Amino acid sequence: MKEMTKDNLKAAFAGESQAHIKYLAYSAQAAKAGKPNIARLFHAIAYAEQVHAVNHLKELGGIGDTAANLQAAIDGENFEVEEMYAAYLQVAELQNERGAKRSMRYATEAEKIHVEMYSDAKAAAEAGEDIEIDEVHICPVCGFTHIGDPPDRCPVCNAKKDRFKAF
């Protein structure tokens, strides 16, 4: 693939990915505001944006076998913890941006856990196996991720157990 086309697909992937998440957030807000049909419209179009993003990622060769995908995920999570959020947090600290610091700290702590989970899954995939896990619970406040029954309180943000979302 020619470089300009590759760069354009990368930009399109980023844009579609952001639109997907943004529209899911808009859907949740519309639902909270008592507008279920607007919420449904946002949710449906968010899915369309996801389709676009996945198509672009496929064209870029960004989807491999399970072990390769897990390694890519591990690399991405490690980059976020070790470099990206570390640098972003320093800037937020210098600029005394409390909300940004909290948001980035929450993400950093969750990403550390994701690295461990992906590493365990990669070992299983490389052995030709799947992983054995119970429900995965996500804290909706900070993204803390836990396999099995969630703790009574989130260890990162102190949210109550009953707020966790199960997968």
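Provided above is the structure to which this section pertains.
To keep things clear, this report deals only with the structure shown in the data block. (Residues numbered from 1 in each chain as written. Predicted model: local features only at pLDDT ≥ 70, side-chain atom pairs only at ≥ 80, totals over all residues. Heavy atoms only, no water.)

### Quick notes on the side chain of H56
Consideration 1: Looking at the secondary structure, you find H56 in helix 2 (residues 36-59).
Consideration 2: H56 sits in the buried class, given a relative accessible area of 19%.
Consideration 3: If sequence neighbours within four positions are ignored, H56 has contacts with L9, A12, F13 and E16. (Helix = DSSP H or I, 4+ residues; strand = E, 2+ residues; numbered from the N terminus. Buried < 20%, exposed > 50% of the residue type's maximum accessible area, 1.4 Å probe, protein only. Contact = heavy atoms within 4.5 Å.)

### A word on the packing of aromatic side chains
Consideration 1: One pass over the full model with this rule turns up five aromatic pairs.
Consideration 2: Their ring planes at 70° and their centres at 5.3 Å tell us that Y26 and F42 sit as a pair that is edge-to-face. Remark: F42 occurs in helix 2 and Y26 occurs in helix 1 (residues 3-32); sequence separation between them is 16 residues.
Consideration 3: Classification of F42 by relative accessible area gives partly exposed; the value is 28%.
Consideration 4: When the ring of F144 is compared with that of F164, the centres are 6.3 Å apart and the planes differ by 85°; the resulting orientation is edge-to-face. Of this pair, F144 sits in the loop between strand 1 (136-138) and strand 2 (145-147) while F164 sits in the loop between strand 2 and strand 3 (165-166), and the two are 20 residues apart along the sequence.
Consideration 5: The buried category is assigned to F144, whose relative accessible area is 8%.
Consideration 6: Take F164: its relative accessible area is 9%, and that puts it in the buried class.
Consideration 7: Members of the aromatic cluster, connected to one another through ring pairs, are Y23, Y26 and F42. (Phe/Tyr/Trp six-rings, centres within 6.5 Å; stacked < 30°, edge-to-face > 60°.)

### Some details on the pattern of salt bridges
Consideration 1: All told, the structure shown has three salt bridges when counted by the stated rule.
Consideration 2: For K101, the salt bridge identified is with E93, shortest N-O distance 3.2 Å.
Consideration 3: Salt-bridge contacts for K122 lead to E126; the nearest nitrogen and oxygen are separated by 3.3 Å. Of this pair, K122 and E126 both sit in helix 4 (residues 98-126), four residues apart, which is roughly one turn of that helix.
Consideration 4: Among the residues examined, K122 registers a relative accessible area of 17% and is labelled buried. (Salt bridge = Lys/Arg side-chain N within 4 Å of Asp/Glu carboxyl O.)

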